[in-house]
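In case you want the letters, here they are:
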Amino acid sequence: MSTNEPTEARLSNGVMSTGEGMRIFPDVEACIDCGGCVVACKRTWDVEISNQRIDITTMLEGHEADEGFNGHQTRAIDEGANPGETHLPMQCYHCENAPCVSVCPTDALQKKDNEFVEVVDDLCIGCQYCLSGCPFGAPQFPESEDGLNAVVGSGGVMDKCTGCEERQDAGQGPACAEECATNAILVGSSGQIADELEKRDSGAFFNETAMEIIFGDDARMFDQ
Ligand code: SF4
Ligand code: SF4
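Read on for an overview of the structure. What you are looking at is a predicted structure, and each value in this text was computed from that prediction instead of being measured. (Residues numbered from 1 in each chain as written. Chains lettered and ligands numbered in written order. Predicted model: local features only at pLDDT ≥ 70, side-chain atom pairs only at ≥ 80, totals over all residues. Heavy atoms only, no water.)

Now for the packing of aromatic side chains. Counting across every chain of the model gives 9 aromatic pairs. Pairwise contacts between aromatic rings join F25, Y93, F136, F205, F206, F215 and F222 into one cluster. (Phe/Tyr/Trp six-rings, centres within 6.5 Å; stacked < 30°, edge-to-face > 60°.)

To continue, consider the site of ligand 2. Near ligand 2 lie 13 residues; those nearest to it are C104, C124, C127, Q128 and C130. When the residues that make up the shell around ligand 2 are grouped by side-chain class, the tally is 10 nonpolar, 3 polar and no charged. (Near = heavy atom within 4 Å. Nonpolar A, V, L, I, M, F, W, Y, C, P; charged D, E, K, R; others polar.)

In the structure shown here, the tally under the stated rule is 9 salt bridges. R200 serves as the salt-bridge partner of D27, at 2.8 Å between the closest nitrogen and oxygen. Note that D27 is positioned in the loop between β1 (23–26) and α2 (36–45) and R200 in helix α9 (residues 190–200), a separation of 173 residues in sequence. The exposure class assigned to D27 is buried, which follows from its relative accessible area of 1%. Take R200: its relative accessible area is 25%, and that puts it in the partly exposed class. A salt bridge links D159 to R53; the shortest N-O distance between them is 2.7 Å. Of this pair, D159 sits in the loop between α6 (147–152) and α7 (165–169) while R53 sits in the loop between α2 and β2 (55–60); the two residues are 106 residues apart in sequence, bridging distant segments of the chain. Residues D159 and R53 agree in their burial class; the two are buried. By sharing partners, the salt bridges in this structure join D27, E196, K199 and R200 into a single network. (Salt bridge = Lys/Arg side-chain N within 4 Å of Asp/Glu carboxyl O. Helix = DSSP H or I, 4+ residues; strand = E, 2+ residues; numbered from the N terminus. Buried < 20%, exposed > 50% of the residue type's maximum accessible area, 1.4 Å probe, protein only.)

Structure representation (structure tokens):
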């Protein structure tokens, strides 16, 4: 592909723009739980096997269905229902009003001027407050024998999605979004994501409180 092509032409359909102010947001109607995003993320950033920066949660008829999944499904089929599944790629959405940033006691989590939420490894003490603060389960704590973990056996330095900032600096979309076969991970401005979901007739999935955490005042752009 010619390098003279405009950046937009090189991006995949789910990636509408990149760089400062971009947001990452899932279209749960499009996700088919193939795991492509998880693999793309691990491969791109050499994420260790026990760690997952994206977790695809499956829900059945609106109920989270992990260990009870087969039971729910069997019961529903027995009752003559055909329960649908919803798959939700959970990762760091680089929230506008990020609770993880508010609760971190060491300023290891920072909302940068370009709106990415980054972890400063050297400042993280592995206290896991951010895990309690994040409503989306994004913070991960890879096993480690280093630092505080060696003393108190905590989960080590926090790790999470970086938004593929380096890729975005080079005009590329996040690896998860570029690799998604169904364009279920949307990347762009709040307005672009809201417009795309409306065009697809997909709901925003999260409730009003979660949308305000992720998008701040821009949450009003989305149909709830
Ligand atoms: S609250 Fe969770 S999803 Fe939001 S920026 Fe923090 S880690 Fe990411
Ligand atoms: S684990 Fe690290 S990033 Fe999370 S709240 Fe504690 S110091 Fe901050």
